[in-house]
Amino acid sequence: MSLEPGRAGEPELTTSLADCPRLENADLFEFACAGCGDCCRNRRDLVLSGLDLYRLARWMHLPPRVVADAFCRREIGQSTCLPVLVLRPSARTGDCPFLEGDGCAVHPARPLACALYPLGQSIDPDTARMEYYAQLPLCGTEAPGRTLTDYLQGAGVTERAGTDASWAVECTRLSDLLRQAGGREHPRFLPAVRRVERALYYDYSTQDEFYPQFRENLETLYHVLQTLLKT
Ligand code: SF4
Ligand code: SF4
């Protein structure tokens, strides 16, 4: 499959990934970012994973919780019952708080959604299989001969894919656990969600690698939840 970049990104025209063409690794994806910054403007929906927050925190030499306090809005997912961190837009411009001019002030530590754009990613929580979709119409300029694999490697997506898949699988498992325990109706729902939030986002030293800490946090978390969610 070959797609033609060159038009301004208009992600609001795309209603869901199911409407977008799916790309295989060897497919041509001849897109290069033109650095216009348009995908960072009016950006109110940028959800962070634990790895996203950890990478930002390491880049800023700050603890993850401090970065979340400074730059994120906390929500609880309506259907998932999971804690969600969303980058809080600048109160002055409505743009991403890290947009400086047309550029990203945290580019080497930018979140997955930014590294992927204008691709979308879906992960099957049962098999951890990842699929990639092109959000049309594409922005940017042309990079002749570039394949999806080239693009993902260049954007740093490939090297974190295993952790991102594991994150999706574990979030699905945690969501099932919280919902099966009664969700918001459970008397200790809020303490449970706050404990999940700690394990997913905050209990990390940026001196150490993310993934081993993630696994260790989850092991402790499942024990704590067993007690907390007992009725
Ligand atoms: S983190 Fe960087 S790339 Fe992502 S929306 Fe903000 S400014 Fe843009
Ligand atoms: S990804 Fe597209 S919209 Fe975003 S900065 Fe690059 S060219 Fe502009």
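Residues numbered from 1 in each chain as written. Chains lettered and ligands numbered in written order. Predicted model: local features only at pLDDT ≥ 70, side-chain atom pairs only at ≥ 80, totals over all residues. Heavy atoms only, no water.

A separate point is the site of ligand 2. Around ligand 2, the surrounding shell consists of F31, C33, A34, G35, C36, G37, D38, C39, Y117, C139 and G140. Looking at the shell around ligand 2 residue by residue, the class counts come to seven nonpolar, three polar and one charged. (Near = heavy atom within 4 Å. Nonpolar A, V, L, I, M, F, W, Y, C, P; charged D, E, K, R; others polar.)

Our focus in this paragraph is the pairing of strand 5 (residues 83-87). Put simply, side chains in a regular strand alternate between the two faces of the sheet. Counting buried residues along strand 5, five of its five residues qualify, which places the element largely inside the surrounding structure. Neither face of strand 5 is open: one carries P83, L85 and L87, the other V84 and V86, and all of them are buried. Pairing of strand 3 (residues 47-48) with strand 5 involves two bridges; the strand directions are antiparallel. Looking across to strand 5, one finds that L48 is bridged to L85. (Buried < 20%, exposed > 50% of the residue type's maximum accessible area, 1.4 Å probe, protein only. Helix = DSSP H or I, 4+ residues; strand = E, 2+ residues; numbered from the N terminus. Pairing = 2+ DSSP bridges.)

Quite often, the size of an interface is put as the accessible area lost when its parts meet. What the domain assignment lists for the protein is domain 1 (17-160) and domain 2 (163-228). Computed from C-alpha atoms alone, the centre-to-centre distance between domain 1 and domain 2 is 22 Å. Between domain 1 and domain 2, the contact holds 29 residues from the first and 31 residues from the second. With both chains or domains summed, domain 1 and domain 2 bury close to 2,500 Å², and 66% of this area falls on carbon and sulfur atoms. The three residues of domain 1 that bury the most area against domain 2 are Y54, C81 and P83, which together make up 24% of that side's buried surface. The interface formed by domain 1 and domain 2 holds ten residue pairs in polar contact (both at pLDDT 80 or more) in total. Looking at the side of domain 1 that touches domain 2, the elements that each hand over two or more residues are helix 1 (50-60), helix 2 (64-71), strand 4 (72-76) and strand 5. Of the residues contributing to the side of domain 1 that touches domain 2, the split by class is 19 nonpolar, six polar and four charged. (Domains from an automatic or database assignment. Contact = heavy atoms within 4.5 Å. Buried area = accessible area lost by both parts, 1.4 Å probe. Polar contact = N/O pair within 3.5 Å; in protein donor to acceptor, adjacent residues only side chain to side chain.)

For the rest of this paragraph, the subject is the pattern of salt bridges. Opposite charge on two side chains permits them to pair, given that their charged atoms come into close proximity. According to the stated counting rule, one finds 16 salt bridges in the structure shown. Here R160 makes a salt bridge to D52, at a shortest N to O gap of 2.9 Å. Of this pair, R160 sits in the loop between helix 4 (148-154) and helix 5 (161-180) while D52 sits in helix 1, and the two are 108 residues apart along the sequence. You'll find R160 and D52 in the same group, each marked buried. Linking D164 and R160 is a salt bridge whose minimum nitrogen-to-oxygen distance equals 2.8 Å. (Salt bridge = Lys/Arg side-chain N within 4 Å of Asp/Glu carboxyl O.)

What follows covers the packing of helix 1 against helix 2. Interaxial distance between helix 1 and helix 2 falls to 9 Å at its minimum, and their mutual angle equals 100°. On the basis of the axis angle, helix 1 is roughly perpendicular to helix 2. For the pair helix 1 and helix 2, contact is made by L53, L56, A57 and M60 and by P64, V67, A68 and F71, respectively. Taken together, the residues of the contact of helix 1 with helix 2 sort by class into eight nonpolar, no polar and no charged. (Axes fitted to C-alpha atoms, helices over the stretch in contact; angles between N-to-C directions. Parallel < 35°, antiparallel > 145°, perpendicular 65-115°, else oblique.)

Moving on to the sheet that holds strand 3. Each strand in a sheet pairs with its neighbour through backbone hydrogen bonds, running either in the same direction (parallel) or in the opposite one (antiparallel). The sheet built from three strands is open, its strands ordered 3-5-4 with antiparallel pairing. Edge positions in the sheet fall to strand 3 and strand 4, since each of these pairs with one other strand and no more. Bridge count for strand 4 against strand 5 is five bridges, and the pairing is antiparallel. Paired with I76 across the two strands is P83, which belongs to strand 5.

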